[in-house]
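Residues per chain are reported as follows:
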Amino acid sequence: MKTVLLIDDEPVFREVLGQLLEPHGWKIIEAGDGEEGLALAARHKPDLILCDLMMPRCNGFAVTRAVRSDARIKNTRIIITTGSTYATDRIHAFEAGADEFLLKPIPLKELLAAIDRVTTGRITPSTTQADGESVSAIQATLPPARVTNAAGADGNNFVRFWGVRGSLPTPGPGTIFYGGNTSCVELRADGEIIILDAGSGIRPLGLHLAAEFKGAPLHLTLLISHTHWDHIQGFPFFLPAYNPVNKVHVLGYEGSRQGLESILSAQMESPYFPIGLKQMPGNIKITEMREFEFEVGRVKVKATFTNHPGICIGYRLETSSGSVAYLPDNEPFQRLRSLPSHATGDATESAAYARKQDQRLIDFVKDVDVLIIDAQYNDREYQKHVGWGHGCLDDVVGLAILANVKRLFLFHHDPGHDDAEISRMVAWARQIATERQSALRVEAAREGMEVFLKPDRKGK
Ligand SMILES: [Zn+2]
Ligand SMILES: [Zn+2]
């Protein structure tokens, strides 16, 4: 009997696939995450692996690479089953060693044809459509990455924006009001200083911290959403990382092609930068996370995958005085999947799949006090940037209303948007909220803006 190993964190998807394949003579083995999948693959040596991409404890790219480098199972056929329509994800999956790449939801006929191709040796990678469920609730407990700090211990919990721009820093007279630095947000809460992303905005944050604490030891936690350059490029210029009394704990997830540490150090190799990551005198610890729920001191953190090329993570942080969600790069599914370039075979099933994916994100940010989210394009611009991995203003406002978000901060401003354009986008977003009789408050993230979480403090 042939054996297939189903690796997917969505039990319903595994169940549906199992029911489809059993009548065709397959013995089914299931794993709920990448780590478990690799262990079962080594133990059972299956004929075929069907593997999701976005999973906790070892993503599908890494599972594929690990299978290919393990002499005992390296010839196992691997079919990637994913909701990602990004061309780069497909390329990276094949680079990692996948034999096929199928888009969820996967019609049975497509699935059987693909299985036939890979198991009979006729390997002709093709992108097809799909049926089924996908990555949803990802839960686990994690070794707490605890740090403590005096800052914020007085209950003065707040969010402060240091970089709000997407893609590329854009200084100049047109961006003076909202700012030109790339992604960096500071959260001070419950005695912690948590930094979200290390775009060029982390440089002024570092200067500010050094001046504020005057050399006193700092314990900082840096959460990385993903390693596109606009989210890590400021790290080599982060002053606290050069002071040996400071502790900087960097947390993030493995990328589609490389681990977190190797990507962070690659941008500091000698052709690009004079000082290597390991030469930075600060006490820097890099943890590649495998779990999706953890704690930073008393702040509870949840993570989720966003829809963006490669591995990209959104964070939700629960503090004693309110919650903050940070999803700097994300392209909502429904409009993307409704367009011909990203459409799938069965329109109804594809739309249902997209709705479910967006609902997953709505659930993730449900009732959050502060939502910081990618709203790079207006409706007209989005039509020209479908599949670029970024949000459209109208969709983002709709998502925030459905999720009962209190305050929405438009983020990851397009480098081509000057202050006037961003202000127009805010006005448009407010109009949508008014028309839908929503109490949602909308602002555009702006460098230097502080948002107080304590209910009796007035945010700007
Ligand atoms: Zn970005
Ligand atoms: Zn990105």
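Relevant structure appears above.
This structure is a prediction, so every number in the text was calculated from the model and none was measured.

Rules of the game
- Residues numbered from 1 in each chain as written.
- Chains lettered and ligands numbered in written order.
- Predicted model: local features only at pLDDT ≥ 70, side-chain atom pairs only at ≥ 80, totals over all residues.
- Heavy atoms only, no water.
- Helix = DSSP H or I, 4+ residues; strand = E, 2+ residues; numbered from the N terminus.
- Contact = heavy atoms within 4.5 Å.
- Areas by Shrake-Rupley, 256 points an atom, 1.4 Å probe, with all protein chains shown as cover.
- Donors = N, O, S within 2.8 Å, 3.2 Å for Na, K, Ca; no water.
- Tetrahedral: all angles 85-135°; square planar, octahedral: opposite > 155°, others 65-115°.
- Buried < 20%, exposed > 50% of the residue type's maximum accessible area, 1.4 Å probe, protein only.
- 1 Å grid on protein atoms, 1.4 Å probe; cavity = no way out; pocket = protein on both sides within 12 Å on 5 of 7 lines; lining within 4 Å.
- Points joined across faces, edges and corners; volume = space filled by probe spheres on them.
- Nonpolar A, V, L, I, M, F, W, Y, C, P; charged D, E, K, R; others polar.

Trainee: So what's going on with the overall build of the chain? Which residues, and what values?
Mentor: Helix and strand counts for the chain stand at twelve helices and 20 strands. The contacts in the chain between residues at least 6 apart in sequence include a share of 71% that link residues at least 24 apart. Of the accessible surface of the chain, which amounts to about 18000 Å², a share of 53% is contributed by carbon and sulfur atoms.

Trainee: Run through the coordination of the zinc ion (ligand 1), naming residues and quoting values.
Mentor: Those donors, Asp230 (OD), His231 (NE2), Asp329 (OD) and His412 (NE2), are the protein atoms that reach the zinc ion (ligand 1), and they lie 2.1 to 2.2 Å from it. For the zinc ion (ligand 1), the four donor atoms in the first shell make angles of 89 to 166° at the metal, so the coordination geometry reads as irregular. Each donor residue of the zinc ion (ligand 1) belongs to the same chain, and together they define the spacing D-H-x97-D-x82-H. Taken as a pair, the zinc ion (ligand 1) and the zinc ion (ligand 2) show a spacing of 3.5 Å, with Asp329 coordinating each metal. Of this pair, Asp230 sits in the loop between strand E10 (219–223) and strand E11 (247–252) while His412 sits in the loop between strand E18 (407–411) and helix H12 (419–435); the two residues are 182 residues apart in sequence, bridging distant segments of the chain. Both residues of the pair, Asp230 and His412, count as buried.

Trainee: With reference to specific residues and values, describe the layout of surface pockets.
Mentor: Of the volumes computed, that of the largest pocket is approximately 380 Å³. If you go around the largest pocket, you meet 20 residues; those closest to its centre are Thr227, His228, Gly255, Ser256 and Ile263. Listing elements by their share of the lining of the largest pocket, those giving two or more residues are helix H4 (87–96) and helix H7 (260–266). At three residues, H7 tops the list of elements feeding residues into the lining of the largest pocket. Taken together, the residues that form the lining of the largest pocket break down as eight nonpolar, ten polar and two charged.

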